[in-house]
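Spelled out, the chains give:
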Amino acid sequence: MNGEPVHIIAEAGCNHNGDRALALQLVQVAAEARANSIKFQIIDPDQLYLPGRYEFGSYDIDKVREMRRQHMLTDGDYNAIKSECDRLAIPLSASIFDEQGLELLCSLTPPYIKIASTDLNNLRLLRKVAGRGFRLILSTGMSSLGDIERSVNELTKCGQVDLVLMHCVSVYPAPLRLMNLRMLEVLRSAFGFPVGLSDHTRSSIAACMALHFGVTYIEKHFTLDQTLDGFDHAHAASGDELVNYIQDIRDAEVALTTNSTRLSDEERYTRKRARRALYAAHDLNAGQTVEYEDVLVVRPEGPMGADEVDVVVGATMVRDLAKHQPFRREYLT
């Protein structure tokens, strides 16, 4: 792999459950895991859900709205989170879902603004975000290429040229069989923007594979406690899992790095014991013509490798050679 290391977003979402202290702990966990940034979700349920009672999939809409209200943080909370992020040197951002959330996030000078898959086709919100001077990361879950094209065209028309398209499978958790990682190639080819992965799987496998497709961002949900009430805790990574997840990605990056030296020092060390060489099967005398049965092809590595057997067989010894001693070119005519 060449170029910059992938930017790993520790997605805290609303896994603070409306508690500033939990939010600050999430910041600490993300920083200790060496994520490149931490991201929350600024959600006002009154701006996200229709009022009244109605069917909402397998959820009770009244309970959904109430939980969202309970899990809101104040502007003061976000300012405190920003201070903690600055102290720990981890950039802070958020997914925004309305104009009020956008204004709050912009006041925190984020490294990027995130638009969730739910709002990929929300042209009114996209127009508000475009041209603000921040990088925009746009998730593409639940979207066709036509959906994405309309949104990308609208953003670029509005002056948003710093754009990252995040491949996302909006299933929680997402099984590997649904990940469709070659969509990363399609997105880059179709739109010409950098691509990333919003990873809702249980492991680091998809993320490590995505490195092969040149992703620039990877996003992973995490939590302090997978048993807490909330929408994301159950399928989010624990703190320890986040540490391992990020380390797996960094190790995979190293494995994909081009190196001009074919053999590492570690492999050269292994070669000394593992490669075969040519040794005398028994005592040989000067003037003797070497036959196949006179040569042992065994470990460890020696002066003449196994690929030089045809040089030895048929040659004449110019000096005596004791049993189990290595052949050398200077011993042969």
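Up top is the structure these notes are about.
The residue numbers shown here count from 1 along each chain, following its written sequence. The model is predicted, so local features are restricted to residues of pLDDT at least 70 and side-chain atom pairs to those at 80 or more, both for listing and for counting; the totals for chains, interfaces and linings are taken over all residues. As a convention, hydrogens and water are excluded, and side-chain values are obtained from all of the structure's heavy atoms.

**Q** Is there a simple way to think about the overall build of the protein chain in this case?
**A** Only DSSP runs of H or I with at least four residues qualify as helices, and only runs of E with at least two residues qualify as strands; both kinds are numbered from the N terminus onward. If you tally the helices and strands in the protein chain, you get twelve helices and twelve strands. Viewed in the frame of its principal axes, the protein chain has a C-alpha envelope of about 105 × 40 × 40 Å. Relative accessible area decides the class of each residue, using a 1.4 Å probe on protein chains only: under 20% of the type maximum gives buried, over 50% gives exposed, and in between gives partly exposed. Taken over 333 residues, the protein chain has a buried fraction of 47%. A fraction of 65% describes how many contacts in the protein chain between residues 6 or more apart in sequence connect residues 24 or more apart. Accessible area for the protein chain stands at about 17100 Å²; split by element, carbon and sulfur atoms hold 48% of it. Considering the protein chain, the positive charge centre built from 36 side chains and the negative charge centre built from 46 side chains are found 2 Å apart. Residue contacts are defined here by distance: any two heavy atoms, one from each residue, within 4.5 Å place the two residues in contact. Shrake-Rupley sampling with a 1.4 Å probe provides the accessible areas, and residues are treated as covered by the protein chains on show and by no other component. We score Asp and Glu as negative and Lys and Arg as positive, and we do not count His or the chain ends. By convention, charge coordinates are those of NZ in Lys, CZ in Arg, CG in Asp, or CD in Glu.

**Q** Just checking my understanding: could you explain helix H3 (residues 61–70) for this structure?
**A** Note: α-helices contain 3.6 residues per turn, so residues at a spacing of three or four share the same orientation. Along H3, the residues classified as buried are Ile61, Val64, Arg65 and Arg68. For H3, the buried positions fall inside an angular range of 95° around the axis, keeping them on one side. Residues of H3 that are buried sit in contact with strand S2 (37–42), helix H2 (45–48), strand S3 (55–56) and strand S4 (59–60). Under the rule applied, a polar contact is a pair of N or O atoms within 3.5 Å (in protein, one hydrogen donor and one hydrogen acceptor; residues adjacent in sequence only if both atoms are side-chain atoms). One side-chain oxygen at the N-terminal end of H3 lies 3.0 Å from the backbone nitrogen of aspartate 62; it belongs to aspartate 60. Think of the arc as the fan of directions from the helix axis to the C-beta atoms.

**Q** Please explain the environment of leucine 136 as it appears in this structure.
**A** Mapping leucine 136 onto the fold places it in strand S7 (residues 135–139). With 75 residues separating them in the primary sequence, leucine 136 and leucine 211 have C-alpha atoms 20 Å apart. Apart from the residues within four sequence positions on either side, leucine 136 is in contact with Ile113, Ile115, Val129, Leu155, Gln160, Asp162, Leu163 and Val164.

**Q** Honestly, the pattern of salt bridges in this entry has me stumped. Any pointers?
**A** Close approach of charged atoms allows side chains of opposite charge to pair. A pair is scored as a salt bridge if a Lys or Arg side-chain nitrogen falls within 4 Å of a carboxyl oxygen belonging to Asp or Glu. Applying the stated criterion across every chain, the model contains 20 salt bridges. Here glutamate 11 ties to lysine 39 by a salt bridge, and the two come within 2.3 Å at their closest N and O atoms. Note that glutamate 11 is positioned in strand S1 (residues 7–13) and lysine 39 in strand S2, a separation of 28 residues in sequence. Across the pair lysine 114 and glutamate 219 runs a salt bridge whose closest N-O atoms are separated by 2.9 Å. Taken together, the residues lysine 114 in strand S6 (residues 112–115) and glutamate 219 in strand S10 (residues 217–221) connect sequence positions 105 residues apart. The residues lysine 114 and glutamate 219 share a single accessibility class, namely buried. Each of Glu11, Lys39, Lys114 and Glu219 takes part in salt bridges that share partners, so that together they form one network.

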